[in-house]
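One letter stands for each residue in the lines below.
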Amino acid sequence: MPRRFVRHAIALVLVAFAVAACRQATVRQTVDIGTYLGGQASLSQATPVFGAHGMVASNSALASEAGAEILKAGGNAVDAAVATGFALAVTYPFAGNIGGGGFMNIHMADGRDAAIDYREIAPLAATRDMYVDPATGKLTDKSLVGHLASGVPGSVAGMAEALARYGSLPLAKVMAPAIRLARDGFPVDSALYRSLRGNRAVAQFAGKDLFFPGGEPLAPGARLVQSDLARTLEIIAAKGPAGFYAGEVAEALVAEERRGGGIITMEDLARYKPEWRTPIRSTYRGYTLLTMPPASSGGITMTETMNILEQFAPLPPYGSAAYTHLVTEAFRRAFIDRNEKLGDPAFVKVPLEQLTSKAYAKTLAAGIDRTRATKTPAFKVAREPEHTTHYSVADAKGNVVSTTTTLNGGYGSAVWIPKGGFFMNNEMDDFAAQPGTPNMFGLVQGEANAIVPGKRMLSAMAPTIVLDKDGSVLLVVGAAGGPRIITTTTEVILNVIEHRMSLADAMRAPRLHHQSIPDTLRYEAGAFSDAVADSLRAMGHALLRTGGLANANGIMRVNGGWIGVREPRSTGGAVGH
Ligand code: DON
């Protein structure tokens, strides 16, 4: 069948699906699960997908297909992860990016483990109080929207570096699917439409003509062709990171920054370097967890939580008051440390060994009263988070890659680079822009995460790999959702290894979230019964039922291959090979 015909047929199916899903979304407006995730609210969509040779699970079916195409062409998991990452920048501009940053966790079948940190950094001209209004002493919204909100992007440098060290194919080859999607376009689905509708700030900046033609978001079924982005990707494919951090793309980025009052310069771009890190290696009841060290807080906070929970054997059943209480108390303690002590290790001394030690967890566990909630000072719940995206990749040899990448908010700062064709992040908001004042996730953080030029802002991203008791890969998982990344990733892992759920059930299971401040246990509908809710209140927990908590994409090894499950609360696709 001619390729063009196949593409048209796929487009028609997608359009039909998009229109149906759109209608469904109108009817579902009162359903809270998944609303902020930009996807369909139905939990029935956690269809597990099997792949005998490999698997890619991401928030965009087209991007997962891009990764699977590279696996089929003989690429390894790192090649496929980089292909998926660049494709997400095209098909999932909400969070996929080249103007943002991320973290990639790699486990090679030959036993090598590696983590690459390509988090954004504060520009050289950044200052500690740049987001505080000198007249009122109050925080402004300049760390959220507009040109001042961006850190120096790390994604291109990070993905290229990961590919150079652990991939097997040239950059141009793994970028080819992304370039094709940008140049030839793809049909807008209802998720993209809804995410644009919910992020009208984009229409204030240069991306308006492309994403809001005639002032309205691109409608489902329209074809999104991104010629500027295609050209930028072609330049990167030909020149490597130098095609982004110097030359015409960099000049376009800096010109837009200057025009809009931003501070990123050519020097900032030239100085950007990703960092190789040693993954945090911890254990939970004989399983091994490989997680992300600072500049993400994800690994330390997950490890601390799981070490605390390991003290209670076995954990009470899922959905019980005793279980919910213990998980909440463990998260509370881990987040108290996170918010106060963690920051970029190049700037602050992070007590990693202490916080991840079993002995420390034992003392924290001993302080948990099994019948009463511990209090942390109450705080106002801040604005809802926007978006990030996690993808998991596995290949036939057993190499796996767990990657989380973000612009921070949906469409980042909403600033789109003319000629460059991409959105810039608003990652500066992840710093404690005013230590002690909550950021967009309600996180109250301290001096360790204050703004300093060249410093990485603390992240919660937690791309994780779990090894079975025999050392073989069991799970590749991570999530989007700010601090809920940490709680959701931990819960998916607990659901599999503690509660023996299948991956699809583990992903579907209603989630809990507690981040110490605000002192509220957030939960999705169905996490526990009304009777359990009463018990939890009687123990002193403040409960808040909430919409979809985080957005995960996972892979599990099974006999004969891999099972992939994309987030049931959102959009995306697991594609096997
Ligand atoms: O690095 C972080 O922790 C945040 N910038 C992640 C943002 C996020 O997950 C938003 N997603 N829904």
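Parameters and conventions
Residues numbered from 1 in each chain as written. Predicted model: local features only at pLDDT ≥ 70, side-chain atom pairs only at ≥ 80, totals over all residues. Heavy atoms only, no water. Near = heavy atom within 4 Å. Polar contact = N/O pair within 3.5 Å; in protein donor to acceptor, adjacent residues only side chain to side chain. Areas by Shrake-Rupley, 256 points an atom, 1.4 Å probe, with all protein chains shown as cover. 1 Å grid on protein atoms, 1.4 Å probe; cavity = no way out; pocket = protein on both sides within 12 Å on 5 of 7 lines; lining within 4 Å. Sits in = over half its atoms within 2 Å of the grid points. Axes fitted to C-alpha atoms, helices over the stretch in contact; angles between N-to-C directions. Helix = DSSP H or I, 4+ residues; strand = E, 2+ residues; numbered from the N terminus. Parallel < 35°, antiparallel > 145°, perpendicular 65-115°, else oblique. Left-handed = near helix turned anticlockwise from the far one by under 90°. Contact = heavy atoms within 4.5 Å. Phe/Tyr/Trp six-rings, centres within 6.5 Å; stacked < 30°, edge-to-face > 60°. Buried < 20%, exposed > 50% of the residue type's maximum accessible area, 1.4 Å probe, protein only. Salt bridge = Lys/Arg side-chain N within 4 Å of Asp/Glu carboxyl O. Core = buried A, V, L, I, M, F, W, Y, C linked by side-chain atoms within 4.5 Å. Expected span 1.5 Å × (residues − 1). Pairing = 2+ DSSP bridges.

Enquirer: When you look at the site of the ligand in this model, what are you seeing that I'm missing?
Expert: With respect to spatial proximity, 16 residues lie near the ligand, and among them Thr388, Asp430, Ser459, Ala460 and Gly482 are the closest. A distance of 2.7 Å separates a nitrogen atom of the ligand from a polar side-chain atom of glutamate 427. Serine 459 is positioned with one of its side-chain polar atoms (N or O) 2.7 Å from an oxygen atom of the ligand. Burial of the ligand by the protein chains amounts to 98% of its free accessible area of 340 Å². The site holding the ligand turns out to be the largest cavity.

Enquirer: Whenever I open this one, the packing of helix α12 (residues 298-310) against helix α13 (residues 321-341) confuses me. Can you help?
Expert: Packed helix pairs are specified by the crossing angle of their axes together with the interaxial distance, meaning the distance between the axes. As a packed pair, α12 and α13 sit with axes 9 Å apart at the nearest point and diverge in direction by 140°. One way to sum up the angle between α12 and α13 is to call them oblique. The chirality of how α12 crosses α13 is right-handed. Between α12, through Thr301, Glu304, Thr305, Ile308 and Leu309, and α13, the contact on the second element is made entirely by Leu326, Val327, Ala330, Phe331, Arg333, Ala334, Phe335, Asp337 and Arg338.

Enquirer: What is the right way to look at the packing of aromatic side chains in this model?
Expert: Here the distance between the centres and the angle between the planes together describe a pair of aromatic rings. Scanning the model with the defined rule gives 10 aromatic pairs in all. Arranged with centres 5.2 Å apart and planes meeting at 45°, the rings of phenylalanine 211 and phenylalanine 423 form a pair that is tilted. Here phenylalanine 211 is found in helix α7 (residues 208-211), whereas its partner phenylalanine 423 is found in strand β13 (residues 422-423), with 212 residues between them in sequence. A residue is classified by how much of its surface remains accessible, and phenylalanine 423, at 5% relative accessible area, is buried. With a centroid separation of 4.5 Å and an interplanar angle of 35°, the aromatic rings of tyrosine 523 and phenylalanine 528 are classed as tilted.

Enquirer: It is not clear to me how unusual backbone geometry should be interpreted in this structure. Could you clarify?
Expert: The residue after proline 294, namely alanine 295, is reached through a cis peptide bond having omega 20°. Each neighbour pair has its own omega, and for isoleucine 517 with proline 518 the value is -5°, a cis peptide bond. Here proline 518 lies in the loop between β17 (512-513) and β18 (521-523). Residue alanine 414 is not a glycine yet carries a positive backbone phi of 75°. Looking at where alanine 414 falls in the secondary structure, it is placed in the loop between β11 (400-406) and β12 (416-417).

Enquirer: Explanation requested: the pattern of salt bridges in the structure shown.
Expert: If the charged atoms of two oppositely charged side chains come close together, the side chains can form a pair. Under the definition given, this model contains 26 salt bridges. The salt bridge partner of arginine 259 is glutamate 256, with a shortest N-O separation of 2.8 Å. Taken together, the residues arginine 259 and glutamate 256, both in helix α10 (residues 247-259) and 3 residues apart, mark about one turn of the helix. By relative accessible area, which is 59% here, arginine 259 ends up exposed. The buried category is assigned to glutamate 256, whose relative accessible area is 4%. Among the salt bridges present, the one from arginine 569 reaches glutamate 567, with a minimum N-O distance of 2.8 Å. The residues arginine 569 and glutamate 567 share a single accessibility class, namely buried.

Enquirer: Explain the nonpolar core here, please?
Expert: Across soluble globular proteins, nonpolar side chains show a tendency to be buried alongside one another. Judged by nonpolar contacts, the single largest core of 82 residues is most densely connected at Phe86, Ile98, Met104 and Leu233. With 11 residues, the top contributor of residues to this core is helix α3 (residues 77-91). Every residue in contact with methionine 104, bar those within four places of it in the chain, is listed here: Ala81, Val82, Ala114, Ala115, Ile116, Tyr118, Ala162, Met292, Tyr391, Val401, Ser402 and Thr403. Counting 70 residues, the second-largest nonpolar core is a separate cluster that includes Leu315, Val466, Val477 and Leu521.

Enquirer: Can you walk me through helix α4 (residues 155-166) in this structure?
Expert: Structural remark: α-helix, 3.6 residues per turn; residues separated by three or four positions point the same way. Between its first and last C-alpha, α4 extends 16 Å over 12 residues, near the 16 Å set by a 1.5 Å rise per residue. Along α4, 9 of the 12 residues are buried, which leaves the element largely enclosed by surrounding structure. Turning to α4, its buried residues number three or more, namely Ser155, Val156, Ala157, Gly158, Met159, Ala160, Ala162, Leu163 and Tyr166.

Enquirer: Is there a simple way to explain the environment of glycine 99 in this structure?
Expert: In this structure, glycine 99 sits in the loop between α3 and β3 (101-107). With relative accessibility at 0%, the residue glycine 99 sits in the buried group. Measuring from C-alpha to C-alpha, the distance between glycine 99 and glycine 154 comes to 7.5 Å, with 55 residues separating the pair along the chain. Ignoring anything within four residues of it in the chain, the contact list for glycine 99 reads Pro153, Leu407, Phe422, Phe423, Met424 and Asn425.

Enquirer: What is the right way to look at the sheet that holds β18 in this model?
Expert: Picture the strands of a sheet paired through backbone hydrogen bonds; they go either parallel or antiparallel. On the basis of which strands lie adjacent, the open sheet formed by 3 strands has the order β17-β18-β19 and mixed pairing. Strand pairing shows two members of the sheet lacking a second neighbour, β17 and β19 (543-545), which therefore form its edges.

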